[in-house]
Amino acid sequence: MSISELFSITGKVAVVTGGSRGIGRMIAQGFVQAGARVYISARKAEACEATAAELSAFGECFCIPADLGVQSGVEHLATEIAKREEAVHVLVNNAGATWGAPLEEFPESGWDKIMGVNVKGVFFLTTKLLPLLRRAAKKDDPARVINIGSIDGLRVPALFDNFSYSASKAAVHMLTRHLAAKLVGEHINVNAIAPGLFPSKMTQFVFDGLGEEGAASNIPMGRAGRPDDMAGTAIYLASRAGSYLTGAIIPVDGGVSTR
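Residues numbered from 1 in each chain as written. Predicted model: local features only at pLDDT ≥ 70, side-chain atom pairs only at ≥ 80, totals over all residues. Heavy atoms only, no water.

**Q** Explain the overall build of the chain to me, please; I cannot follow it from the model alone.
**A** Secondary structure summary: the chain contains 9 helices and 7 strands in total. Here the C-alpha atoms of the chain give a radius of gyration of 17 Å, agreeing with the 18 Å that 2.2 N^0.38 yields for 259 residues. Looking at the 259 residues of the chain, the share that counts as buried comes to 51%. Taking the contacts inside the chain whose residues are at least 6 apart along the sequence as the reference set, 71% of them involve residues at least 24 apart. Total accessible area computed for the chain in this model is approximately 12200 Å², and 54% of it derives from carbon and sulfur atoms. If the 25 positive side-chain charges of the chain are averaged to one point and the 25 negative ones to another, these points end up 6 Å apart. (Helix = DSSP H or I, 4+ residues; strand = E, 2+ residues; numbered from the N terminus. Rg over C-alpha atoms; globule rule 2.2 N^0.38 Å. Buried < 20%, exposed > 50% of the residue type's maximum accessible area, 1.4 Å probe, protein only. Contact = heavy atoms within 4.5 Å. Areas by Shrake-Rupley, 256 points an atom, 1.4 Å probe, with all protein chains shown as cover. Lys, Arg positive; Asp, Glu negative; His and termini not counted. Charge placed at Lys NZ, Arg CZ, Asp CG, Glu CD.)

Okay, structure coming up:
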């Protein structure tokens, strides 16, 4: 097998939630440019449609708006995918939200929303898409589920108090392992990426407050993540190169998790 074949995802069908911006867009663009047929989803229809139109310049990208924080949104997305595709080779559960507040002021709504989107949304969308993932699954080339966790689920955040977010991402990591153990016999691999600091709407306040150099000052590699860092890891997990990996949590953080 050639190196190009080893890392190829040409012709695969991929679903990327939260794909209109940030890490989701980085992965979606990488997949499209690598030859996959990609469906992105986001809560805001206008942003989702605009991103799909932009990424369509590189290949096949389609938009299905959905709010994955509620069960009806999960069911809508799964139903629409099933109408259009007979199988899904790759599901990227990236849609997420965050909430920051001081310890004694942290509201109940900051738990309900974050756990609903970041954990329940991942679980229920995965289960709803299992029939399509099973149709794509092969012993030599399993179907893939890639969950987006966070290094905040591996260690206590240094810059801000996001109690429900860090707890939700730790839950995503354990859910990844649990699903991996449950589905490995069906040739469905489940792994997680734990990103460090990447530029996105969610992290913009860090760059605004500290500047680019200040934001990277605690990162051993001395810089924030780039789109190709995230796309490359996701393509590895989705390709033949990553077919023997399941239940792994991969930090993509410039070395922060080593400290």
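From this point, the discussion proceeds with the structure in view.
**Q** I'm lost on the state of the cysteines in this one. Help?
**A** Here is the idea: a disulfide is a covalent bond, and it sits between the sulfur atoms of two cysteines. For the structure shown, the criterion picks out 1 disulfide. This cysteine, C61, is not joined by any disulfide, and C48 carries the nearest cysteine sulfur, 7.9 Å off. Judged by its relative accessible area of 5%, C61 falls in the buried class. (Disulfide = S-S within 2.5 Å.)

**Q** Looking at this model, I keep getting lost on the packing of aromatic side chains. Mind explaining?
**A** For any pair of aromatic rings, the description rests on two quantities: the centre-to-centre distance and the angle between the ring planes. With the rule as written, the count across this model stands at 4 aromatic pairs. Centroid distance F123 to F124: 5.1 Å. Interplanar angle 85 degrees. Geometry classified as edge-to-face. Overall, F124 belongs to the partly exposed group, its relative accessible area being 28%. A connected cluster of aromatic rings, assembled from ring pairs, spans F106, W111 and F163. (Phe/Tyr/Trp six-rings, centres within 6.5 Å; stacked < 30°, edge-to-face > 60°.)

**Q** Sorry if this is basic, but what is going on with the pattern of salt bridges here?
**A** Opposite charge on two side chains lets them pair, provided their charged atoms get close. In total, this model carries 12 salt bridges according to the counting rule given. A salt bridge links E54 to R25, with the nearest nitrogen and oxygen atoms 2.7 Å apart. Taken together, the residues span a long stretch of sequence, with E54 in helix α3 (residues 45-55) and R25 in helix α2 (residues 22-33) at a distance of 29 residues. What makes E54 partly exposed here is its relative accessible area of 41%. Take R25: its relative accessible area is 24%, and that puts it in the partly exposed class. E186 serves as the salt-bridge partner of R134, at 2.5 Å between the closest nitrogen and oxygen. On the criterion of sequence distance, the pair formed by R134 in helix α6 (residues 130-136) and E186 in the loop between α7 (163-183) and β6 (188-195) is long-range, its members being 52 residues apart. Judged by its relative accessible area of 40%, R134 falls in the partly exposed class. (Salt bridge = Lys/Arg side-chain N within 4 Å of Asp/Glu carboxyl O.)

No statement about biological role is implied by the geometric values presented.
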